[in-house]
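# Understanding the architecture of this molecule
What follows is the residue order along each chain.
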Amino acid sequence: MCLNAQDSRCYHRAMTIHPLLPDLTGPDLAISWAPLEALSGDPHPDEWEDIASAASNRQKEFAAGRLLAHVLSDQLGLPPAPLRRADDRSPVWPADRTGSLSHCDTICAAAVGKRSAFQSVGVDIETIGRVEQKLWPTLFTEKEAGYFSSLAPDTVALETTLFFSAKESFYKCQYPLTKEWVGFQDVAITRTDQHALAIAPTRGAAQAWHAAPIHTVKISASHVATVMLLHA
Ligand SMILES: CC(C)(COP(=O)(O)OP(=O)(O)OC[C@H]1O[C@@H](n2cnc3c(N)ncnc32)[C@H](O)[C@@H]1OP(=O)(O)O)[C@@H](O)C(=O)NCCC(=O)NCCS
């Protein structure tokens, strides 16, 4: 996308796009995060049509996500193509790729995978510590809340943020396959190791889209990311 090495905006952008989960990425999958301020630019006219009437902050985060997705698609050798928004607000990925976007106050993350290798991807970023205890009954099952209560107090903010983020990543990953709403009490998360979580339905049998691990990353002192990948 950055064809002109002398263009200072392109240079700045290249310097501030940080790979996420480099052990999992490669020729078929790219995942990165970047500060929103490094991702300013005009969206494709078709993309602009989907966001023209939104407030300016929302336009900025929308454009940032699109820009990052285009940079990652380019890294994978995929041709430029607009990333439209469906009526249900989910992204409509071109047929040759799948992916996922997330933004929060200051940063943006995106994942793009070749459709030949990935059925679906979910990515989510969150600011650590915003999942207050009063939200636990809404966001978490009793078993999840019991697990948080057993943790050392200085680890609770990080773990609750990761569990919340994991449910968001799962939702984004499963949606293209099922087109179904999933509530926070419909699934439960467990920690499987230091860098991975597992998800299971609280009612009914687990499906193929519950089977993959959800990877967790602390990307800075203030932000975490989670990523779910469903291979083809
Ligand atoms: C869709 C949702 C997951 C987005 O998460 P969020 O934390 O609000 O916002 P994020 O910035 O992380 O993600 C926004 C991006 O998600 C993507 N998105 C929106 N709806 C989506 C869907 N149904 N499926 C997949 N991706 C979706 C979009 O790309 C959007 O960015 P864009 O509008 O700029 O294109 C959330 O708003 C939502 O509706 N959650 C309710 C369901 C849920 O989370 N259940 C959890 C239990 S499984």
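The rules behind each value
In this numbering scheme, every chain counts its residues from 1 along its sequence in written order. Confidence filtering applies because this is a predicted model: local features only for residues at pLDDT of at least 70, side-chain atom pairs given and counted only at 80 or more, and all residues used for totals across whole chains, interfaces and linings. At least two bridges found by DSSP between two strands are what make those strands a pair. A run of H or I in DSSP counts as a helix once it spans at least four residues, and a run of E counts as a strand once it spans at least two, with each numbered from the N terminus. Distance between backbone-placed C-beta atoms decides contact: two residues are in contact if it is within 7 Å. Simply put, an axis is a line fit to the C-alpha atoms, just over the touching stretch for a helix, and the angle between two N-to-C directions goes from 0 to 180 degrees. In this scheme every C-beta is placed from the backbone, and a residue whose C-beta has 20 or more other C-beta atoms within 10 Å is buried, one with 12 or fewer is exposed, and one in between is partly exposed. Where each domain starts and ends follows an automatic or database-derived domain assignment. Polar here means any residue outside two lists: the nonpolar Ala, Val, Leu, Ile, Met, Phe, Trp, Tyr, Cys and Pro, and the charged Asp, Glu, Lys and Arg; Gly therefore counts as polar. Think of a nonpolar core as buried Ala, Val, Leu, Ile, Met, Phe, Trp, Tyr and Cys residues chained together by C-beta atoms that fall within 7 Å.

## Some remarks on the sheet that holds strand 1 (residues 18-19)
- Spatial strand order, 1-2-6-5: four strands in an open sheet with antiparallel pairing. Lying at the two open borders of the sheet, with one neighbouring strand each, are strand 1 and strand 5 (97-103).
- Summarising the sheet, strand 1 and strand 2 (residues 29-35) pair through two bridges and their orientation is antiparallel. Bridging across to strand 2, Pro19 finds its partner in Ser32.
- Those strands touched by helix 3 (residues 56-75) are strand 2, strand 5 and strand 6 (107-114), and its axis lies near 35 degrees from that of strand 6.

## Here's the deal with the sheet that holds strand 11 (residues 223-231)
- If you walk across this open sheet you meet the five strands as 7-11-10-9-8, and the pairing is antiparallel. The sheet is open, and its two edges are formed by strand 7 (118-127) and strand 8 (187-193), each paired on a single side. Each neighbouring strand pair of the sheet contributes to a mean axis angle of 25 degrees, computed without reference to strand direction.
- Note: strand 7 against strand 11, nine bridges, orientation antiparallel. Bridging across to strand 11, Asp124 finds its partner in Thr226.
- Strands strand 7, strand 8, strand 9 (196-201), strand 10 (214-218) and strand 11 of the sheet are contacted by helix 6 (residues 156-178), whose axis makes an angle of about 150 degrees with strand 7.

## Re unusual backbone geometry
- Unusually for a residue other than glycine, Arg89 sits at a positive phi of about 80 degrees.
- Position of Arg89 relative to the elements: it lies in the loop between strand 3 (84-85) and strand 4 (91-92).
- Using a count of 7 C-beta atoms within 10 Å as the deciding quantity, one classes Arg89 as exposed.
- The residue Lys179 is not glycine, and still its phi comes out positive at about 55 degrees.
- Along the chain, Lys179 turns up in the loop between helix 6 and strand 8.

## Considering the domain arrangement of the protein chain
- Here the protein chain is described as being made up of domain 1 (8-116) and domain 2 (125-219).
- With centres defined by C-alpha atoms, the gap from domain 1 to domain 2 works out at 24 Å.
- With 12 residues of domain 1 at the contact, the number on the domain 2 side is 10 residues.
- The set of elements that each furnish at least two residues to the side of domain 1 that touches domain 2 consists of strand 5 and strand 6.
- For the side of domain 1 that touches domain 2, the element with the highest residue contribution is strand 5, accounting for three residues.
- Among the residues forming the side of domain 1 that touches domain 2, the class breakdown is seven nonpolar, four polar and one charged.

## A few points about the nonpolar core
- Of all hydrophobic cores here, the largest spans 50 residues; its most connected members are Leu68, Cys108, Ala109 and Ala110.
- For this core, the secondary structure elements donating two or more residues are strand 2, helix 3, strand 6, strand 7, helix 6, strand 8, strand 9 and strand 11.
- Residue contributions to this core reach at least three from each of two domains, namely domain 1 (8-116) and domain 2 (125-219).
- If sequence neighbours within four positions are ignored, Leu68 has contacts with Ser32, Ala34, Leu39, Cys108 and Ala110.

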